[in-house]
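Residues per chain are reported as follows:
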Amino acid sequence: AVDPASRRASLVTDRNSHYGAYAHCSDSRLTVSNSLLEMVRTLGGAQLSNYGVYQLFTLKVNLDPHCVLEGVRVTGPGEIHTYGLRTQRVETYYRPVQFDADVLRTPAECVAALDESLDKVCRKRASGPGVPALMLSGGIDSAALLVYLSKIGAGEVHTFTYAMQGFPDHELAE
């Protein structure tokens, strides 16, 4: 939203999206784009941000609001960025739910937690109307799901495989 009278602009991001907008404010000009490449083209001589590059190389991702370009901010989910002539303000109208993860101290606890989770998911998916269907790839993960479906007594389970000539998936899944 742009308010020409007060010379302010606000960017509001969707609370459910992980895609943000890139914003750069200098002097009396606000540049906004959803493409980093477009931002580089628009800004012309964009400088790399040391901190942004450090994050990218160490974490393989930039943490909001940082960007690899100096002076460019990234909007996060559920944020309102307001830019004025000499001010920049960020407000948050939504914060994603933070889950407290259980600390599993032994391999046996990890296996038990995984077993419980898979059991719960398979029961939920098999509880609906119709016959459950499962794609078998020949790998251990799809075979494990089939074991869980049979363990919970899902009854009949339709299985299918998609195979291309020259690949062993079909033989392994049979």
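Up top is the structure these notes are about.
Rules used in this analysis
Residues numbered from 1 in each chain as written. Predicted model: local features only at pLDDT ≥ 70, side-chain atom pairs only at ≥ 80, totals over all residues. Heavy atoms only, no water. Helix = DSSP H or I, 4+ residues; strand = E, 2+ residues; numbered from the N terminus. Buried < 20%, exposed > 50% of the residue type's maximum accessible area, 1.4 Å probe, protein only. Contact = heavy atoms within 4.5 Å. Areas by Shrake-Rupley, 256 points an atom, 1.4 Å probe, with all protein chains shown as cover. Pairing = 2+ DSSP bridges. Expected span 1.5 Å × (residues − 1). Arc of directions from axis to C-beta. Axes fitted to C-alpha atoms, helices over the stretch in contact; angles between N-to-C directions. Polar contact = N/O pair within 3.5 Å; in protein donor to acceptor, adjacent residues only side chain to side chain.

The number of helices and strands found in the protein chain is five helices and nine strands. Within the protein chain, the fraction of its 174 residues that count as buried is 22%. Taking all contacts inside the protein chain whose residues are at least 6 apart in sequence as the whole, residues at least 24 apart take part in 46%. In the form shown here, the protein chain has an accessible surface area of approximately 12,900 Å², with 55% of it arising from carbon and sulfur atoms.

With respect to topology, four strands assemble into an open sheet ordered β1-β2-β6-β7, the strand pairing being antiparallel. For this open sheet the edge positions go to β1 (2-3) and β7 (88-92), each flanked by a neighbour on one side alone.

Between the first and last C-alpha of helix α3 (residues 107-126) there are 28 Å, a value that for 20 residues agrees with the 28 Å anticipated at 1.5 Å per step. For α3, the full list of buried residues reads Asp-119, Cys-122 and Ala-126. Each buried residue of α3 lies within a common arc of 75 degrees when the element is viewed along its axis, so the set occupies one face. Turned more than 90 degrees away from the buried face of α3, the exposed residues are Leu-114, Glu-116, Lys-120, Lys-124 and Arg-125. Buried residues along α3 sit in contact with α4 (140-151).

Let us look at the sheet that holds strand β3 (residues 22-26). Within the open sheet, the three strands sit side by side as β4-β3-β5. Their pairing is antiparallel. At either margin of the open sheet sits one strand with a lone partner, and together these are β4 (29-33) and β5 (72-74). The sheet shows a mean angle of 25 degrees between the axes of neighbouring strands, direction not considered. Packing of helix α1 (residues 36-43) onto the sheet brings it into contact with β3, β4 and β5, and relative to β4 it is tilted by some 150 degrees.

By secondary structure assignment, the location of Thr-161 is in the loop between β9 (158-160) and α5 (169-173). We classify Thr-161 as partly exposed; its relative accessible area is 29%. Distance in space between the C-alpha atoms of Thr-161 and Leu-136 is 5.3 Å, their sequence separation being 25 residues.

Attention now goes to the environment of Lys-151. Examined against the element boundaries, Lys-151 turns out to sit in helix α4. Distance in space between the C-alpha atoms of Lys-151 and Cys-122 is 9.6 Å, their sequence separation being 29 residues. Within the structure, the side chain of Lys-151 is placed 3.3 Å from the side chain of Asp-115, a separation counted as a polar contact.

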